[in-house]
2 protein chains.
Amino acid sequence: MPYSFFDIVEKCDNYPYSDSTYYPSSELNDNIPFLLDNDIKVGLLLPSIINALKEYNSLKKPNPFIIEDKFVKFASHLNTFELRTEIVKQLLDTWREEKVFPALSGWRDELYPIYGDSKNPTGVAFVMERCATPLFGVLTFGVHLNGYIRTERGQLKMWIAKRAKTKPTWPGWLDNIVAGGIPYTLSVTESVIKEAMEEASLSIEIAEKAVPVGAISYFITTQKGLQPEIQYVYDLEMPPDVEPKPFDGEVECFYLWDMDELIKHIKTDEFKPNCALVIIDFLIRHSIINPDNEPDYLNILNRIHRRLDFPTKTI
Amino acid sequence: MPYSFFDIVEKCDNYPYSDSTYYPSSELNDNIPFLLDNDIKVGLLLPSIINALKEYNSLKKPNPFIIEDKFVKFASHLNTFELRTEIVKQLLDTWREEKVFPALSGWRDELYPIYGDSKNPTGVAFVMERCATPLFGVLTFGVHLNGYIRTERGQLKMWIAKRAKTKPTWPGWLDNIVAGGIPYTLSVTESVIKEAMEEASLSIEIAEKAVPVGAISYFITTQKGLQPEIQYVYDLEMPPDVEPKPFDGEVECFYLWDMDELIKHIKTDEFKPNCALVIIDFLIRHSIINPDNEPDYLNILNRIHRRLDFPTKTI
């Protein structure tokens with residue numbers, strides 16, 4: 001029994017809504033906001049994290065965090081990018097050494113920006129190791145690319161990647177041909193071009209033809225924690241004679257599927273959840289999912305543009 | 001000093017957010033939900049409406065509404081499409097006769113569906129005269145069409161309508177070439193085709209080439225009341241030799257503008273607010289507004305897909 005498109009959307013955007021139309025309240029709601037020293041909310045902390053933070057805090061003078069029943073915030077002396085970044089690094093190094101959280105075993109050595117400090121022209125308040133972001137429930141940013149071709153008869157086909165079985169996250173699941181987080185040091189477009197080379201062996205000349213067409217947002221919870229995410233979406237109409245090829249070992253192989261085949265694999269839940277959402281957005285923009293054939297059209301559009309109440313990346 | 005795209009979005013999506021990131025609480029928050037007999041929330045009632053409802057309710061036995069401090073709902077005997085529709089009609093006829101609300105002077109004789117009754121296969125709980133919908137803060141549905149051409153050099157131009165000075169609403173403002181509410185009796189696609197003929201003299205053959213590409217949603221408050229709205233969005237690449245022409249007197253004239261000219265008129269706030277949002281969505285989907293040139297890219301995408309916590313149209 002295949003899933004509906006809306007089922008697939010709900011598998012990705014699975015964090016409860018406060019107004020409970022979609023999900024009843026759950027233990028996932030037992031979190032408190034994580035604030036900057038300027039009181040801007042930048043994350044959400046589950047009880048297990050709060051307990052570990054309390055322990056860390058009690059051993060460190062002056063206390064780096066103010067931990068109350070209703071919130072945790074940076075102490076007022078931690079009021080710059082450098083100071084916040086350093087204390088978070090020390091904290092994570094400690095937790096990693098002591099193996100407090102399994103999520104930290106997937107250390108990437110990639111720094112992700114957390115926004116919310118208007119004193120900094122980029123808005124970045126501090127940066128944090130990528131694999132730690134679900135522990136703090138901070139908003140992260142990525143970019144996904146729909147690589148497609150249009151046949152001579154005008155039929156759409158999409159290139160799809162199968163993730164290597166050795167990947168630490170979502171091994172063997174289906175994926176967009178290019179997708180990745182946006183590290184602190186790169187712009188959105190630079191990230192697309194870099195990932196296009198690393199993941200699909202696409203030349204700069206090809207990758208530069210990718211065009212930005214919007215963004216999706218959702219809030220997924222996994223065993224790792226809380227992941228509010230925004231993915232910039234790019235479309236790339238590929239020349240028919242260019243095939244994506246695995247380059248860095250993260251992709252097992254690529255498929256070129258017509259829309260029927262593509263939809264079949266979405267509805268059998270073979271895609272990494274957020275990649276399915278990127279494709280559903282593509283199918284809506286290309287009229288394949290439309291108001292006449294999809295009863296959940298409006299709900300899907302709403303859910304894949306979820307409002308995430310955190311400061312966002314600007315340029 | 002022209003407005004930014006985000007300023008223009010905020011002029012349309014101007015109802016406060018409950019989490020107050022965008023707007024502080026205001027008297028607009030002093031409303032209570034309007035519920036069906038099954039407790040599904042279908043609207044929001046401002047204090048002035050509640051007072052008038054109380055007066056009407058006290059004169060009518062059995063009372064059609066249950067009016068509490070925290071909500072107003074249909075009495076349990078009003079549990080079918082016909083019964084709810086009839087009592088709302090009687091109520092509005094009374095208010096119209098007694099000139100209780102100026103909004104009702106713009107009577108249209110068009111019935112709009114209110115969703116939320118799953119006992120009915122269409123989901124429609126009752127229908128209501130179009131001009132009364134802002135009094136009840138019920139969700140309404142429309143369809144807007146971007147009529148554009150691509151020149152031989154690949155340059156995009158868009159057809160724009162100037163609303164007649166005699167129109168009761170937004171006279172003289174700029175508009176999409178085809179736009180309108182979706183009446184109870186028509187499907188989305190049927191509405192597009194009907195409006196394309198009535199507003200722009202487009203033949204069925206041309207109008208049928210319009211393709212659905214998504215929907216925008218926002219919550220606007222005007223002097224008339226509270227208007228949470230969803231607009232299905234269609235794009236129509238027009239043949240270069242076809243010009244839209246006024247047909248029913250609602251349009252003064254049409255313009256064909258390149259993207260620079262179009263953006264100039266958006267930023268000087270000459271467009272009816274929701275039409276500006278439809279075009280901003282077009283500009284995002286066509287990479288003209290993009291992450292590299294628009295600091296508010298993510299905020300704009302979020303605001304034009306606002307979550308409206310009411311049951312929606314399905315098919």
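Nothing here was measured: the structure is a model prediction, and the numbers come from that model. (Residues numbered from 1 in each chain as written. Chains lettered and ligands numbered in written order. Predicted model: local features only at pLDDT ≥ 70, side-chain atom pairs only at ≥ 80, totals over all residues. Heavy atoms only, no water.)

> Which parts of the structure should I look at to understand the sheet that holds strand E2 (residues 41–45) of chain A?
Backbone hydrogen bonds hold the strands of a sheet together, and the pairing may be parallel or antiparallel. All names here are of chain A. Spatially, E2-E1-E4-E3 is the arrangement adopted by the four strands of the open sheet, whose pairing is mixed. Each edge of the open sheet carries a strand with a single partner, namely E2 and strand E3 (65–67). When the angles between neighbouring strand axes are averaged without regard to direction, this sheet yields 20°. Direction of pairing for strand E1 (residues 32–35) relative to E2: antiparallel, over a ladder of four bridges. (Pairing = 2+ DSSP bridges. Helix = DSSP H or I, 4+ residues; strand = E, 2+ residues; numbered from the N terminus. Axes fitted to C-alpha atoms, helices over the stretch in contact; angles between N-to-C directions.)

> Sorry, what's going on with the side chain of Asp281(A) here?
Residues and elements named next belong to chain A. Residue position: Asp281 is located in helix H8 (residues 273–285). In this structure Asp281 comes out as buried when scored by relative accessible area, which is 8%. Beyond its immediate stretch of four places on either side in the chain, Asp281 contacts Ile216, Val233, Ile304 and His305. (Buried < 20%, exposed > 50% of the residue type's maximum accessible area, 1.4 Å probe, protein only. Contact = heavy atoms within 4.5 Å.)

> What should I look at first to understand helix H5 (residues 188–200) of chain A in this one?
Side chains three or four residues apart in an α-helix point the same way, a direct result of the helix having 3.6 residues per turn. Residues and elements named next belong to chain A. Here H5 is 13 residues long and its end C-alpha atoms lie 17 Å apart, about the 18 Å a rise of 1.5 Å per residue gives. Three or more residues of H5 are buried, namely Val188, Ser191, Val192, Ile193, Glu195, Ala196, Glu199 and Ala200. On its buried face, H5 is in contact with strand E7 (140–150), strand E10 (178–181), helix H6 (204–207), strand E12 (225–237) and strand E13 (251–258). Just downstream of H5, Ser201 is the residue with a positive phi angle, here 55°. (Expected span 1.5 Å × (residues − 1).)

> It is not clear to me how the pattern of salt bridges should be interpreted in this structure. Could you clarify?
Side-chain pairs of opposite charge can arise where the charged atoms are in close proximity. Summed over the entire model, instances satisfying the criterion amount to 40 salt bridges over all chains. Notably, a salt bridge pairs Lys194(A) with Glu198(A), separated by 3.8 Å at the nearest N-O pair. Highlighted residues: Lys194(A) and Glu198(A), both in helix H5, separated by four residues, approximately one helical turn. Ionic pairing is found between Asp269(B) and Lys11(B), a salt bridge with its closest N-O pair at 3.4 Å. Separated by 258 residues along the polypeptide, Asp269(B) in the loop between helix H7 (259–267) and helix H8 (273–285) and Lys11(B) in helix H1 (residues 5–12) bring together distant segments of the chain. Assessed through its relative accessible area of 32%, Lys11(B) is described here as partly exposed. Shared partners join several salt bridges into a network, and the residues in it are Glu10(A), Asp13(A), Arg303(A) and Arg306(A). (Salt bridge = Lys/Arg side-chain N within 4 Å of Asp/Glu carboxyl O.)

> Mind showing me how you'd approach the UniProt feature "domain: Nudix hydrolase" (unreviewed entry) in chain A here?
Here, the residues flagged by UniProt with the feature "domain: Nudix hydrolase" (unreviewed entry) are residues 140–281 of chain A. End C-alpha atoms of residues 140–281 of chain A are separated by 19 Å, and the span's content is 25% helix alongside 42% strand. (UniProt positions renumbered as here; feature names shortened; annotations may be inferred.)

> What should I look at first to understand the relation of the copies chain A and chain B in this one?
Note: a rotation about an axis with an accompanying shift along it relates these two copies of the chain. Between chain A and chain B, which share one sequence, the superposing operator has a rotation angle of 180° and an axial displacement of 0.0 Å; the RMSD is 0.0 Å. The superposition of one copy onto the other is thereby described by a two-fold rotation axis. Minimal C-alpha separation from the rotation axis in chain A is found for His305(A), amounting to 3.1 Å. Both copies contact each other with a shared surface, as 100% of the interface residues of chain A are interface residues in chain B too. (Least-squares fit on C-alpha atoms with pLDDT ≥ 70 in both.)

> Before we go on, may I ask you to explain the sheet that holds strand E3 (residues 65–67) of chain B in this structure?
Residues and elements named next belong to chain B. Here we have four strands laid out as an open sheet, ordered E2-E1-E4-E3, and mixed in their pairing. Looking at which strands have only one partner, the edges of the open sheet turn out to be strand E2 (41–45) and E3. The average angle at which neighbouring strand axes cross in this sheet is 20°, direction not considered. Bridge count for strand E1 (residues 32–35) against strand E4 (residues 72–74) is two bridges, and the pairing is parallel. Bridged to Phe34 within E4 is Val72. Taken strand by strand, helix H2 (residues 47–59) contacts E1, E2, E3 and E4, and its axis lies near 125° from that of E3.

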